[in-house]
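Notes for the structure review
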Amino acid sequence: MLTSMPSPNDAQADLIAYLDFHVEAGADAVLDEQPHDRFGEPDTRAPTLRAPRRQAAAPRPVAQPNSLVPPPGSPPPVAPARTFGRAASAQPDEAAIDARARAREAKSLDELEKILADFDACPLRFTAKNLVFADGNPDARVMFLGEAPGADEDRIGKPFMGRSGQLLDKMMAAIGLDRTSAYIGNIVPWRPPGNRNPTPQEVAVCRPFVERQIELVDPEVIVCLGAPATQTLTGTKDGILRTRGRLFSYKLPTREAKLLATLHPAFLLRQPVQKRLAWRDFRALRALLDGKA
Ligand code: URA
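The structure presented is a predicted model; accordingly, all values stated were derived computationally and were not measured. (Residues numbered from 1 in each chain as written. Predicted model: local features only at pLDDT ≥ 70, side-chain atom pairs only at ≥ 80, totals over all residues. Heavy atoms only, no water.)

**Points about the sheet that holds strand β4 (residues 221-225)**
Strand order in the open sheet formed by six strands is β1-β3-β2-β4-β6-β5, with mixed pairing between adjacent strands. Either end of the sheet is taken by a strand with one partner, and the two such strands are β1 (135-136) and β5 (247-251). Strand direction decides the pairing type here: β4 and strand β6 (residues 256-262), joined by five bridges, are parallel. Directly across from Val 221, in β6, lies its bridge partner Lys 258. (Pairing = 2+ DSSP bridges. Helix = DSSP H or I, 4+ residues; strand = E, 2+ residues; numbered from the N terminus.)

As structure tokens, then:
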């Protein structure tokens, strides 16, 4: 009886299907050549409180599809040393303390962006292609804050570039705003792999930077797009359908800014029927900027 051996083309097709499966499931970043048993690893956290300053970023891992399949007869893989920068293995609260100290050093938005580009205590930077710092006018009276960049933003290096961004542009245009009259950022400036939500630890580490960014922009009105931005900046635990339309006060060094919570454009793309609520919020924003509220 004749049995057919799988051809190299079959093996390649299987491998591509296997990779496609992972990308579909959201695992679209290769961190290392071998799987890690994180639970079995010894605790190698950084022993000092402050992460090393201005340490050169670890080289970004590069996908090597051919090395996914070990040659026949090779010994079982040994977990290699961690590949992240040393500071990224610090405890999140140590990293947040370090972030706060570094963010405070920034005297301008350019300096803050450079400090963030050097900051390696947030693991997200190792899977992201680009730092997504901001877009728009730093002198604007209004600052919009989203959650975290997606794939388009990561590729381009600017916030709100994809479908959510196009909707945000339309919503701003409806009340006479655009990217020359508004400043746009995110509470987390690196894309979480596979577009997952940033973890509370990642948000906590990035938070001092966004707080400093707000101080340096010094807007009259901050518009939080969605629950993560609203909860991070106001401390509320309420969901966005409760907080949207609510006006909070946000403490800046010398005065209070107004903070308006509203729905995230990505949510509106999924639930267009809710656009009427966002429209209400944007009209309230217009009235605030016109001094009529
Ligand atoms: N969603 C966000 O919250 N931010 C972006 O920059 C893009 C999509």
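**Some words on helix α6 (residues 200-217)**
Helix length check: α6, at 18 residues, gives a terminal C-alpha distance of 25 Å against a target of 26 Å (1.5 Å per residue), a fit within 8%. Once α6 ends, the next one or two residues include Asp 218, with phi positive near 55°. (Expected span 1.5 Å × (residues − 1).)

**Observations concerning helix α3 (residues 109-118)**
In an α-helix, one full turn covers 3.6 residues, which means residues spaced three or four apart are oriented alike. Those residues of α3 not exposed but buried are Leu 109, Leu 112, Ile 115 and Leu 116. Down the axis of α3, the smallest arc covering the buried residues is 120°, so these residues share one side. Exposed positions of α3 whose direction lies more than 90 degrees from the buried face are Asp 110 and Lys 114. In this structure, the buried residues of α3 make contact with α2 (92-105), β3 (182-186) and α6. (Buried < 20%, exposed > 50% of the residue type's maximum accessible area, 1.4 Å probe, protein only. Arc of directions from axis to C-beta. Contact = heavy atoms within 4.5 Å.)

**Focus on the pattern of salt bridges**
Taken as a whole, this structure holds 14 salt bridges when the rule is applied. With its nearest N and O atoms 3.0 Å apart, the salt bridge here joins Asp 98 to Arg 102. Here the residue Asp 98 and the residue Arg 102 both occupy positions in helix α2, the gap between them amounting to four residues, near one helical turn. Accessibility classification places Asp 98 together with Arg 102 in one group, the buried group. (Salt bridge = Lys/Arg side-chain N within 4 Å of Asp/Glu carboxyl O.)

**Let's talk about the nonpolar core**
Judged by nonpolar contacts, the single largest core of 66 residues is most densely connected at Val 142, Phe 144, Trp 190, Ile 222, Leu 233 and Leu 285. Broken down by element, the residue count for this core peaks at seven residues, all from α6. Aside from chain neighbours lying at most four places away, what touches Leu 233 is Leu 145, Val 210, Ile 214, Ile 222, Cys 224, Tyr 250 and Leu 259. (Core = buried A, V, L, I, M, F, W, Y, C linked by side-chain atoms within 4.5 Å.)

**Some points on the packing of aromatic side chains**
Any pair of aromatic rings gets described here by the distance separating the centres and the angle formed by the planes. Going through the model one piece at a time under the given rule, you end up with two aromatic pairs. With a centroid separation of 4.9 Å and 65° between ring planes, the pair formed by Phe 119 and Phe 209 is classed as edge-to-face. Taken together, the residues span a long stretch of sequence, with Phe 119 in the loop between α3 and β1 and Phe 209 in helix α6 at a distance of 90 residues. Phe 119 gets classed as buried once you look at its relative accessible area, which sits at 1%. Classification of Phe 209 as buried rests on a relative accessible area of 3%. On the numbers, 6.0 Å between centres and 20° between planes, the contact of Phe 144 with Phe 282 is stacked. Separated by 138 residues along the polypeptide, Phe 144 in strand β2 (residues 142-146) and Phe 282 in helix α10 (residues 275-289) bring together distant segments of the chain. On the accessibility criterion, Phe 282 (2% relative accessible area) is buried. Here the guanidinium or amino end of Arg 125 rests over the ring plane of Phe 126, the centre of that ring lying 5.7 Å away. (Phe/Tyr/Trp six-rings, centres within 6.5 Å; stacked < 30°, edge-to-face > 60°. Lys NZ or Arg CZ within 6 Å of the ring centre and 35° of its normal.)

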